[in-house]
Amino acid sequence: MHQLTLSEMSKMLKSKTCSSTELTHYFLERIEKYDKKINSFVTVCPESALNAAKHADQLLSTHQSHHPLLGIPIAHKDLFSTEGIRTSSCSKMLAEYIAPYDATCVERLKTAGMIMLGKTNMDEFAMGSSNETSYFGPCYNPWNLDHVAGGSSGGSAAAVAAGLVPATTGTDTGGSIRLPAAYCGITGIKPSYGRISRWGMTAFASSLDQAGPMARTAHDCALLLETMSGHDPKDATSLNAPVPQYSEHLNDPINNLRIGLPQEFFTKDLDPNIQDVLNQVIEQFKHMGMNVQTISLPNANLSIPIYYILAPAEASSNLARFDGIRYGYQCDHPENIEDLYMRTRDEAFGDEVKRRIIVGTHVLASGSYNAYYQKAQKIRALIKHDFDRAFDQVDLIFAPTSPTTAFKVGEKLNDPVSMYLSDIYTTAANLASLPALTAPAGFSNGLPVGFQLIAPHLQEQLLLQVTHQLQCITDAHQHHPTLSNFEE
Ligand code: GLN
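Here the structure is a predicted model, which is why all the values come from computation and not from measurement.

**Focus: the overall build of the chain**
Phase 1 of the analysis: A count of helical and extended segments in the chain gives 15 helices and 13 strands.
Phase 2 of the analysis: In terms of overall size, the chain behaves like a compact globule, its C-alpha atoms giving a radius of gyration of 21 Å where 488 residues would be expected to give roughly 23 Å.
Phase 3 of the analysis: C-alpha extents for the chain along the principal axes are approximately 65 × 55 × 45 Å.
Phase 4 of the analysis: Restricting the contact set of the chain to residue pairs at least 6 apart, pairs at least 24 apart contribute 76%.
Phase 5 of the analysis: The averaged location of the 50 negative side-chain charges in the chain is 3 Å from the averaged location of its 37 positive side-chain charges.

Structure representation (structure tokens):
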């Protein structure tokens, strides 16, 4: 049952082959059985899930038309506020924090009738590429527990890959949906900046943060994305643009579409085994009638340094709110207000978060602002411009998602720069506010390889259409890890 897609589950619910309560029990049991070793969930809510499932079953028993996601389980990354349920962002700072309201996209999925099973593991405040900086311990890759699940939305990716829940939400500031989706062999989409409201998402770098769905297939992602998206007056950066019914146009014709391969991304830095797997996808695209050509994104190689100036700058400002007074952790017996601030932040933030705050504060300081922050903003504009020019020539850009497959747990933890370089192919889309998707391409040494597609602003439809049509004729997305030795 866990290998079914969302629309297959929906059909079963509608035909009464199974009830939402049965489906919910089934996945809760899988979490209980397998997640001790994977650690993809940080909170599981059986009681509220079963109540919601009961309500969904009542609705399903009436003969009205229902939302296609009604009665289907989901889990949310632990940085989305969920009313009455702990929202920790996997930090000691918020380890006891219970949100008083739902994030807009959580609320939209709830209104559609989805059943929330719990909250998924992530890097602390979404800072990381491996899901090893979580206060609740690393999330392990279900394909091989010695390897990381990828970050920061590692729990969301691993839980779907292991069949513990059919769909999850994630967030992507510099690659955090796409990287773990690639490492765990699932499909995930980061839509255009502003497509999904950021209301209720713990802020990391506000000009880059974007939520998105993670699931097995492009079709599943389309169903989720059309439900999560749309204007929200509570988020001033949310776009007031109509949301297409993505799932209804997945089979629209795509022949003669032009696909660009950025020469800056296909270099010796890319693992040759990954290159081989990606070449097979390129061949499929040609076979589907698309025209493949080389393009150039001349400033793309500056994405990592620019991202690692701008994201920490915004983070240092966003994280200033955790002062030990308004919410979250507070140190014991502070001597005075200064001691309260200092010890609270020292005791409750992890090393990576502190590193970002220090870097961010430094690049914003008056003596370094012009040399770092302002210059980085100018280069961000150049990177955007590169994409504008590329999209004069092609309709979509094809790229790797990561230079390697999932690395070993602990391998990069003490080498932040090598960890940051995992995002070498993903950050550019965030800097340019563009939609980008990752889907399974195949395997290298038993670990999944993902490919990435980047589209012009608001062209999520194209990403989903091309990937869906590829998934109709290939099977890279249909493999599942063996969990037999995961039980304790
Ligand atoms: N790995 C990147 C970082 O650590 C991206 C994180 C994200 O997208 N949330 O900043």
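**Observations regarding the packing of aromatic side chains**
Phase 1 of the analysis: Evaluated as defined, the whole model comprises 19 aromatic pairs.
Phase 2 of the analysis: An angle of 55° between the planes, with centres 5.8 Å apart, marks the rings of Tyr97 and Tyr327 as tilted. With a gap of 230 residues between them, Tyr97 in the loop between strand S2 (73-77) and helix H4 (104-111) and Tyr327 in the loop between helix H9 (303-318) and helix H10 (337-348) connect regions that are remote in the sequence.
Phase 3 of the analysis: The class for Tyr97 is partly exposed, based on a relative accessible area of 21%.
Phase 4 of the analysis: Each member of the aromatic cluster is reached from another via a ring pair, and the members are Tyr97, Phe125, Phe322, Tyr327 and Phe349.
Phase 5 of the analysis: Sitting above the plane of the Phe407 ring, Lys412 keeps its charged end 4.5 Å from the centroid.

**Topic: the site of the ligand**
Phase 1 of the analysis: Near the ligand you find 15 residues, and of these Thr173, Gly174, Ser176, Tyr307 and Arg356 are the closest.
Phase 2 of the analysis: Interatomic distance of 3.4 Å between a side-chain N/O atom of Tyr308 and an oxygen atom of the ligand.
Phase 3 of the analysis: Calculation on the ligand without its partners gives an accessible area of 290 Å², and the protein chains cover 100% of this total.

**Topic: the nonpolar core**
Phase 1 of the analysis: Ranked by internal contacts, the top residues of the largest apolar core, which has 142 residues, are Leu224, Phe285, Phe387, Phe398, Phe451 and Leu464.
Phase 2 of the analysis: At nine residues, the largest contribution of residues to this core is made by H9.
Phase 3 of the analysis: Setting aside chain neighbours within four positions, we find Phe387 in contact with Leu297, Ile397, Ala428, Ala432, Leu434 and Ile454.
Phase 4 of the analysis: Val148, Leu179, Ala406 and Phe407 belong to the second largest nonpolar core, which has six residues in total.

**Points about the pattern of salt bridges**
Phase 1 of the analysis: This structure, assessed with the given rule, holds 14 salt bridges.
Phase 2 of the analysis: Between Glu460 and Arg195 there is a salt bridge whose closest N-O contact spans 3.6 Å. With Glu460 in helix H15 (residues 460-473) and Arg195 in the loop between strand S7 (187-190) and strand S8 (211-215), this pair connects stretches of sequence that are 265 residues apart.
Phase 3 of the analysis: The exposure class assigned to Arg195 is buried, which follows from its relative accessible area of 3%.
Phase 4 of the analysis: A salt bridge links Glu352 to Arg355; the nearest nitrogen and oxygen atoms lie 2.3 Å apart. Here Arg355 and Glu352 lie together in helix H11 (residues 351-364), a separation of three residues that amounts to about one turn.
Phase 5 of the analysis: Overall, Arg355 belongs to the partly exposed group, its relative accessible area being 32%.
Phase 6 of the analysis: Bridged by salt links that share partners, the residues Asp339, Arg343 and Glu347 form one connected network.

**Things to note about the packing of helix H2 (residues 20-38) against helix H3 (residues 46-61)**
Phase 1 of the analysis: At a minimum axis distance of 7 Å, the contact between H2 and H3 shows a crossing angle of 155°. With respect to H3, the element H2 is oriented roughly antiparallel. Where H2 abuts H3, its residues Ser20, Thr21, Thr24, His25 and Leu28 lie against Pro46, Ala49, Leu50, Ala53, Lys54, Ala56, Asp57 and Leu60.
Phase 2 of the analysis: Considered class by class, the residues forming the contact of H2 with H3 number seven nonpolar, four polar and two charged.

Each value, and the rule that gives it
Residues numbered from 1 in each chain as written. Predicted model: local features only at pLDDT ≥ 70, side-chain atom pairs only at ≥ 80, totals over all residues. Heavy atoms only, no water. Helix = DSSP H or I, 4+ residues; strand = E, 2+ residues; numbered from the N terminus. Rg over C-alpha atoms; globule rule 2.2 N^0.38 Å. Contact = heavy atoms within 4.5 Å. Lys, Arg positive; Asp, Glu negative; His and termini not counted. Charge placed at Lys NZ, Arg CZ, Asp CG, Glu CD. Phe/Tyr/Trp six-rings, centres within 6.5 Å; stacked < 30°, edge-to-face > 60°. Buried < 20%, exposed > 50% of the residue type's maximum accessible area, 1.4 Å probe, protein only. Lys NZ or Arg CZ within 6 Å of the ring centre and 35° of its normal. Near = heavy atom within 4 Å. Polar contact = N/O pair within 3.5 Å; in protein donor to acceptor, adjacent residues only side chain to side chain. Areas by Shrake-Rupley, 256 points an atom, 1.4 Å probe, with all protein chains shown as cover. Core = buried A, V, L, I, M, F, W, Y, C linked by side-chain atoms within 4.5 Å. Salt bridge = Lys/Arg side-chain N within 4 Å of Asp/Glu carboxyl O. Axes fitted to C-alpha atoms, helices over the stretch in contact; angles between N-to-C directions. Parallel < 35°, antiparallel > 145°, perpendicular 65-115°, else oblique. Nonpolar A, V, L, I, M, F, W, Y, C, P; charged D, E, K, R; others polar.

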